[in-house]
Number of protein chains: 2
Amino acid sequence: MEQIIQDFKAYLGEMRMFRQAQAIMSFDDSTIAPKAGVAARARRNGFFAQKVFKMTISEEMKGFLDALESEVGNLDAPTAAMYRIAKKNYDKNTKIPVELVREFSELTAKAHVAWEQARENDDFEHFAPYLEQIVAKSKEMVGYRLKEGQHPYNILLDDFEEGMTMEIYDEFFAKLRETIVPVLKTVVNSGKQPEAGFMREFVPKADQEKISFFAAEKIGYDLERGYITESTHPFCNGSHKTDVRMTTRYDENDFISSFYSILHESGHAIYEQSVCDEISDTILSRGISMGFHESQSRFYENVIGRSRGFWEYIAEELKTYLPESFKDITPEQFYRATNQARPSLIRVEADELTYSLHIMVRYEIERMLFNDEISVRDLPEVWNKKYEEYLGITPPNNTLGVLQDIHWSMGAFGYFPTYALGTAYASQFVAQMKKDIDMDALIAKGDFAAITAWMTGKIHRHGSIYTPAELLKQICGEQLNADYYTAYLKGKFEGLYS
Amino acid sequence: MEQIIQDFKAYLGEMRMFRQAQAIMSFDDSTIAPKAGVAARARRNGFFAQKVFKMTISEEMKGFLDALESEVGNLDAPTAAMYRIAKKNYDKNTKIPVELVREFSELTAKAHVAWEQARENDDFEHFAPYLEQIVAKSKEMVGYRLKEGQHPYNILLDDFEEGMTMEIYDEFFAKLRETIVPVLKTVVNSGKQPEAGFMREFVPKADQEKISFFAAEKIGYDLERGYITESTHPFCNGSHKTDVRMTTRYDENDFISSFYSILHESGHAIYEQSVCDEISDTILSRGISMGFHESQSRFYENVIGRSRGFWEYIAEELKTYLPESFKDITPEQFYRATNQARPSLIRVEADELTYSLHIMVRYEIERMLFNDEISVRDLPEVWNKKYEEYLGITPPNNTLGVLQDIHWSMGAFGYFPTYALGTAYASQFVAQMKKDIDMDALIAKGDFAAITAWMTGKIHRHGSIYTPAELLKQICGEQLNADYYTAYLKGKFEGLYS
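Only a predicted model underlies this, so the values are computations on that prediction, with no experimental measurement involved. Per chain, the residues get numbers from 1 upward, laid out in the order the sequence is written. Going through the entries in the order they are written, you letter the chains from A and number the ligands from 1. Predicted model: local features are reported for residues with pLDDT of at least 70 only, side-chain atom pairs are reported and counted for 80 or more only, and whole-chain, interface and lining totals are derived from all residues. Only heavy atoms go into the side-chain values, all of them from the structure, while hydrogens and water stay out.

Undergrad: If you had to explain the overall build of chain A to someone new, which residues and values would you point to?
TA: A run of H or I in DSSP becomes a helix once it reaches four residues, and a run of E becomes a strand once it reaches two; helices and strands are each numbered from the N terminus. Helix and strand counts for chain A stand at 20 helices and three strands. Expected size for 498 residues packed as a compact globule is a radius of gyration near 23 Å; at 23 Å, chain A falls within 12% of this value. In terms of overall dimensions, chain A has a C-alpha envelope of 65 × 50 × 50 Å along the principal axes. Residue contacts are defined here by distance: any two heavy atoms, one from each residue, within 4.5 Å place the two residues in contact. In chain A, the share of contacts with a sequence separation of at least 24, taken over all contacts with a separation of at least 6, comes to 74%. Accessibility throughout is a Shrake-Rupley quantity obtained with a 1.4 Å probe, and a residue counts as covered only by protein chains that appear here. Here chain A has roughly 20,300 Å² of accessible surface; of this, 50% comes from carbon and sulfur atoms. For the purpose of counting charges, residues Lys and Arg are taken to be positive, whereas Asp and Glu are taken to be negative. His and the chain ends are not included. Lys charges are placed at NZ, Arg charges at CZ, Asp charges at CG and Glu charges at CD. With 56 positive and 76 negative side-chain charges, chain A shows a spacing of 0 Å between the two charge centroids. Throughout, the radius of gyration refers to the C-alpha atoms, and the reference size of a globule is 2.2 Å times the residue count to the power 0.38.

So, in structure tokens, the structure goes:
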């Protein structure tokens, strides 16, 4: 058995080497790779994706899984986690016919182009036939994996956050709705918005880099084991804890945009940089789930970055790093300007209060699609109605409505809810953290070491050893509980707008 | 047989995918990868090197080679070339014990560190024990590959340039010596050097990029299928003809350094970008040899870039791209300043006239080492004597002498001569090109299209289909002939200095 375990780990170690290569190539693709090389890169990326896919379902893998099945109870936690992850992938990838996977991949490649065109031309009809096929094929693929009595959408939800179901999300979003919709009404009815014109002050890219990189390092990102550059869409990319990169984009008339995007990606990056050495060369070295990852990015971006205490601290640093800018702006002005809440149409530009409402719209629509309650052709109408109901505004066209996100063109159903989930996790962690340290006081002092050490000790160091539910229970002593998150939003935004 | 050939090509195609990944990761390593990730990268690079190595000697590979052996005469040229290359690698990699390869790799890793320290401290004794082992193990490895009556050094020469032998190189360098040493004496005795102080004029990096990128594109480098950035040592990196990158370094008080380094790397890059589409997805898509590659880089850097006609043309462009710089400098002044010849100690800083003398010193020393005529301990003395003999100067220490190059610490014996060889090839090509087009007139007009098209048609498009000897014969109707090169150097430098 010792030998089998060793061989199993070596096999997974080889998969991890391929994934490291994929990570480096993916970073290269998204930053500097020449446009004209796209076809050769697509072939190469397909080759490596196929290579890794085959390793998840090989005879060798089957041999390991069969041999280990009866031993699971005796394995140490990391090895058990490796088995669990490998087994889940094996089951998933062997149940769906390879031909169907190939068809789906071709379909989404075409659908992506159609979606781009449809969004450009506000032409939902152009995208609809592709989306219909994507939904149909998604259902077909899920069908192969369904267990007795299981709901198809639950399979997808579990793919992006292990253990999550419609039952849990339904209750979760109901609580958010109950709190956020009335708070948003309070905001709107208050009729007031902070003065924020100063945020458009010109700040040269080089200066934005200075203050953003400083802040990233200050909260715990290690630039010696990383690299920050530009790309069209900001992202974090980690191949190993000693090499975790991120990107941002700069608008010289919107300094705060790159600043918060770097704080956000730093959350992801700190997570990946802080896995413990024991598992840093294994497949467990990644963050456990989408939700946990998002909990970290939103914690650093919002809970820290948009707090009053943080602005009290960082406004002083701005004087050092940008001595010519924002000369007469107080911390309180910054705090209020970076926490404007208002109904809006575009998810990625939404404020902290309304963000989860955007997510909820998408969750409810996906739920109905996979419940056969609506069809793809109904989407624009359903979408607009839900925006009216929750946010009180109606998109003037589909480009600003149902066509705004890339996710469905990729066939990524079940992904959206993790964005809201992560934010709720973060509030649960904060409640626990405050039992141990005076988080608010530390933030106001610009002393983030104990805060990040707490997150590392409870979350980062464990990589993927535990399931999200196990880790949440370990940290908080309870399961998902939206109350912390709703209380946080209510307290913060009623404070700002009443 | 059709099926075997198809499978063989698919197998090599898979190797090529790994090599593409290696190229991208290597570029990343040398440009942006964080320093602290060096250990994880070393493991990953080792993994992929091992992966490709194993594919060259696998049972599957043996099966292909055995099956194709009797068919070689019937294969088309590209397939025959694939067989030839795969067979050569198979033979080489199976004959040397794997354990010895591993030992050698560990030894050179340590030797590299020792060499850096030795160079830093001018302490040859510190490096000597490592170099002794490297020479001993190189001889041992070569021993496994020796055929009846073959000289060990010929194996190494052939590794870097297929078909080359001591017999050919001896005659080659004898001719160079006969011409260059007297021409250099003429230069020294003339007692004159052009005025070149203006070359140290400050030119901001951004301006250097403008004129260098312009020149690179002008001579035929396609930036749409490439990318230029900075690194410690300039290099060219191609993963596919649609993605061929290069690097340089900028010294704002030495504009000409980055300018020529980009012209040089452009020669390599144009070669890699110009392979024909039929073989661009195969292992034949790389330039055929070190010598042929160097012929292209030196052709664009020296034959074009340091010609009088080029300066007549580019001096005009400088007025557009660097309107504030070099205001009163004539083309003739540029031409003379960029063609200063003088005895010097450091190979990488040597001028066009003396460069091959530096190479010759190394060739003769390697030849003696592998002939057991000298031992590693004799190197400093032998080195210094040869510099005195050919260049008329003696290194004041070993840092500026025998310790200057990295190559021997890597165990790369037989590599140096290809640098001189490539330069001689270039002169042979020029003689042929001039039969077809008026090269000098085109250069003076800044019209490089027909020149690069000639090189592409004769050389680039063929990738690795032909051996160096075959291709040289095809183009020039004869084998290596140093006369063109010596005539070129004699004509140019006697013209400049008499």
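Undergrad: Residues and numbers for the interface of chain B and chain A, please.
TA: The partner chain A presents 32 residues to the 32 residues of chain B that form the contact. Both sides of the chain B and chain A interface together cover about 2,700 Å² of buried area, and 65% of this is carbon and sulfur. Summed over both partners, the accessible surface that disappears when two parts come together, traced with a 1.4 Å probe, is what is meant by buried area. Per-residue buried area on chain B facing chain A is highest for Met17(B), Ile32(B) and Arg44(B); these three make up 20% of the total on that side. The rule for a salt bridge is simple: a side-chain nitrogen of Lys or Arg has to be within 4 Å of a carboxyl oxygen of Asp or Glu. Summed over the shared surface of chain B and chain A, the result is six salt bridges. Ionic pairing is found between Asp28(A) and Arg245(B), a salt bridge with its closest N-O pair at 2.6 Å. Whenever a nitrogen or oxygen atom comes within 3.5 Å of another N or O atom, the pair is scored as a polar contact, on the condition that within protein one atom can donate a hydrogen and the other can accept it, and that pairs from neighbouring residues in sequence are kept only if both atoms are in side chains. Here chain B is connected to chain A by nine residue pairs in polar contact (both at pLDDT 80 or more). Among the elements of the structure, α1 (2–31), α2 (38–56), β1 (226–230), β2 (236–240) and β3 (243–248) of chain B are those that each provide at least two residues to the side of chain B that touches chain A. When residues of the side of chain B that touches chain A are assigned to their parent elements, the largest contribution, nine residues, is made by α1(B). Residues belonging to the side of chain B that touches chain A are distributed by class as follows: 14 nonpolar, six polar and twelve charged. Amino acid classes used here: Ala, Val, Leu, Ile, Met, Phe, Trp, Tyr, Cys and Pro are nonpolar; Asp, Glu, Lys and Arg are charged; the rest, including Gly, are polar.

Undergrad: Could you give me a rundown of the side chain of Glu364(A), with the residues and numbers involved?
TA: All names here are of chain A. Looking at the secondary structure, you find Glu364 in helix α14 (residues 355–370). Here the term buried applies to any residue with accessible area under 20% of the maximum for its type, exposed to any over 50%, and partly exposed to those in between, with areas from a 1.4 Å probe on protein chains only. A residue is classified by how much of its surface remains accessible, and Glu364, at 11% relative accessible area, is buried. Looking at Glu364, its side chain comes within polar contact range of the side chain of Arg177, at 2.5 Å.

Undergrad: An account of the relation of the copies chain B and chain A is requested, with residue identities and associated values reported.
TA: Once chain B has been moved 0.0 Å along the axis and rotated by 180 degrees, it coincides with chain A to within an RMSD of 0.0 Å. As the rotation angle and translation indicate, the two copies are arranged about a two-fold axis. Mapped onto chain A, 100% of the interface residues of chain B again fall at the interface, so both copies present the same surface. A least-squares superposition brings the copies together, and it is based on the C-alpha atoms of residues with pLDDT no lower than 70 in both.

Undergrad: I'd like a description of the pattern of salt bridges, backed by residues and values.
TA: Considering all chains together, one arrives at 78 salt bridges over all chains under this definition. Arg145(B) is the partner of Asp159(B) in a salt bridge, and the nearest nitrogen-oxygen pair spans 2.8 Å. Taken together, the positions of Asp159(B) in helix α7 (residues 152–160) and Arg145(B) in the loop between α6 (124–143) and α7 put the pair 14 residues apart, joining distant regions of the chain. Two residues, Glu332(B) and Arg336(B), come together in a salt bridge whose shortest N-O distance is 2.9 Å. Of the two residues, Glu332(B) and Arg336(B) are both situated in helix α13 (residues 331–337); the distance of four residues between them amounts to about one turn of the helix. Through salt bridges with shared partners, a single network forms among Asp28(A), Asp243(B) and Arg245(B).

Undergrad: Which residues make up the domain arrangement of chain A, and what are the values?
TA: Residue and element names in this part refer to chain A. All domain edges in this entry derive from an automatic or database-based domain assignment. As far as domains go, chain A holds domain 1 (2–150) and domain 2 (166–496). Distance between the C-alpha centres of domain 1 and domain 2: 26 Å. In this assembly, 36 residues from domain 1 lie in contact with 43 residues from domain 2. With both chains or domains summed, domain 1 and domain 2 bury close to 3,300 Å², and 67% of this area falls on carbon and sulfur atoms. In terms of surface lost to domain 2, no three residues of domain 1 exceed Arg16, Phe27 and Phe124, which account for 23% of the buried area on that side. Measuring nitrogen to oxygen at the nearest pair gives 2.6 Å for the salt bridge that ties Asp372 to Lys139. On the surface where domain 1 and domain 2 come into contact, there are 15 residue pairs in polar contact (both at pLDDT 80 or more). Residue assignment for the side of domain 1 that touches domain 2 shows that the elements contributing at least two residues are α1 (2–31), α4 (77–95), α5 (98–121) and α6 (124–143).

Undergrad: Can you explain the packing of aromatic side chains? Please cite residues and give values.
TA: Note on aromatic contacts: the rings of Phe and Tyr and the six-membered ring of Trp form a pair at centre separations within 6.5 Å, being stacked when their planes are under 30 degrees apart, edge-to-face when over 60 apart, and tilted otherwise. Under the defined criterion, the tally for this structure stands at 83 aromatic pairs over all chains. With a centroid separation of 4.9 Å and 25 degrees between ring planes, the pair formed by Phe173(A) and Tyr363(A) is classed as stacked. Placement of Phe173(A) in helix α8 (residues 166–190) and of Tyr363(A) in helix α14 is noted, with a sequence separation of 190 residues between them. The exposure class of Phe173(A) is buried, given its relative accessible area of 2%. Here Tyr363(A) falls in the buried class, since its relative accessible area comes to 1%. Note on Tyr313(B) and Phe448(B): the rings are 5.9 Å apart at their centroids and 70 degrees apart in plane angle, and the pair reads as edge-to-face. Remark: Phe448(B) occurs in the loop between α17 (439–445) and α18 (449–458) and Tyr313(B) occurs in helix α12 (residues 308–321); sequence separation between them is 135 residues. Judged by relative accessible area, which is 9%, Tyr313(B) ranks as buried. Two conditions define a charge located above a ring, namely a distance within 6 Å from the ring centre to NZ of Lys or CZ of Arg, and an angle within 35 degrees of the ring normal. The lysine or arginine in question, Lys139(A), covers the ring of Phe370(A), its NZ or CZ lying 5.9 Å from the ring centre.

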